[in-house]
Amino acid sequence: MSVPMRRESRGLVPDLFDLLEAPMAALRPMAGQQMRLEDYVKDGRYVLRAELPGIDPDDVEISVSNGVLTIHAERRHEERQAHRTEFRYGAFTRSVVLPPNADENDVKATYDKGILEVSVRLAEEREERRRIPIEEKPGAGQPQS
């Protein structure tokens, strides 16, 4: 004999929104969707990986300016059959603030199986803190009478 599972109800309104939202998800423009990113540091380089499945690398633009790395990609896909045409299109843009020691002149990018990988060389971090000597004013150490 099976035990009935109790389904926790969230009320009528959230269930209606779930039903309405699922079919509409396919109709949302690509600009409203985010490209997924991951970043890490490896071998003295800041590495940013972006999921861009089905996008031609020629339709991807990477730029770096004032410590910000920007990835812009466009998707254009069209399938034609005898009596039917289906197409998908849209644009993605994401910007990421680079670490303060990133070398904007040493940026490399590769694309493999839907994953864009951008790496930026990190300069060795220097000690930003330095000791400031204190000068003594003439006559400052003399007792006043």
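Structural notes, computed from the coordinates. (Residues numbered from 1 in each chain as written. Predicted model: local features only at pLDDT ≥ 70, side-chain atom pairs only at ≥ 80, totals over all residues. Heavy atoms only, no water.)

## Here we look at the overall build of the protein chain
Then step 1. In terms of regular secondary structure, the protein chain is built from one helix and seven strands.
Then step 2. The order of α-helices and β-strands along the protein chain, N terminus first, is α-β-β-β-β-β-β-β.
Then step 3. Scored against the burial criterion, the 145 residues of the protein chain give a buried share of 21%.
Then step 4. Residue pairs at least 24 apart in sequence account for 46% of intrachain contacts in the protein chain once pairs closer than 6 positions are excluded. (Helix = DSSP H or I, 4+ residues; strand = E, 2+ residues; numbered from the N terminus. Buried < 20%, exposed > 50% of the residue type's maximum accessible area, 1.4 Å probe, protein only. Contact = heavy atoms within 4.5 Å.)

## Quick look at the environment of E104
Then step 1. Examined against the element boundaries, E104 turns out to sit in strand 6 (residues 102–112).
Then step 2. A sequence separation of 18 residues divides E104 from L122, and the C-alpha atoms of the two residues are 9.1 Å apart.
Then step 3. In this view, E104 contacts V64, S65, N66 and G67; residues no more than four positions away in its chain are not counted.
Then step 4. A polar contact of 2.5 Å, which involves the side chain of E104, links it to the backbone nitrogen of G67. (Polar contact = N/O pair within 3.5 Å; in protein donor to acceptor, adjacent residues only side chain to side chain.)

## Thoughts on the sheet that holds strand 6
Then step 1. With respect to topology, four strands assemble into an open sheet ordered 1-2-7-6, the strand pairing being antiparallel. Among the strands making up the open sheet, the edge pair consists of strand 1 (37–42) and strand 6. Between one strand and the next, the sheet's axes are offset by a mean angle of 20 degrees, whatever the strand orientation.
Then step 2. Of the strand pairs in this sheet, strand 2 (residues 45–51) and strand 7 (residues 115–122) are connected by seven bridges, and their pairing is antiparallel. Residue A50 lies in a different strand from strand 7, and its bridge partner there is L116. (Pairing = 2+ DSSP bridges. Axes fitted to C-alpha atoms, helices over the stretch in contact; angles between N-to-C directions.)

## Section: the sheet that holds strand 5 (residues 84–97)
Then step 1. Here three strands make up an open sheet; going across it, the order is 3-4-5 and the pairing antiparallel. The sheet is open, and its two borders are formed by strand 3 (60–65) and strand 5, each paired with just one other strand. Taken pair by pair, the neighbouring strands of this sheet meet at an average axis angle of 5 degrees, ignoring direction.
Then step 2. Note that strand 3 and strand 4 (residues 68–81) share six bridges and pair antiparallel. Note that in strand 4 the partner of V64 across the bridge is L69.

## Examining the pairing of strand 6
Then step 1. Pairing of strand 6 with strand 7 involves seven bridges; the strand directions are antiparallel. Bridge assignment links D112 to a residue of strand 7, and that residue is I115.
Then step 2. Where strand 6 folds back onto strand 7 in an antiparallel hairpin, the turn is made up of two residues, including K113, whose phi is positive at roughly 50 degrees.

## Observations regarding the pattern of salt bridges
Then step 1. Summed over the entire model, instances satisfying the criterion amount to eight salt bridges.
Then step 2. Note that R80 and E78 form a salt bridge whose closest N and O atoms lie 2.7 Å from each other.
Then step 3. The exposure class assigned to E78 is partly exposed, which follows from its relative accessible area of 45%.
Then step 4. In this structure, the salt-bridge partner of E86 is R84, at a minimum N-O distance of 2.3 Å. (Salt bridge = Lys/Arg side-chain N within 4 Å of Asp/Glu carboxyl O.)

In short, shape yes, function no, at least from these values alone.
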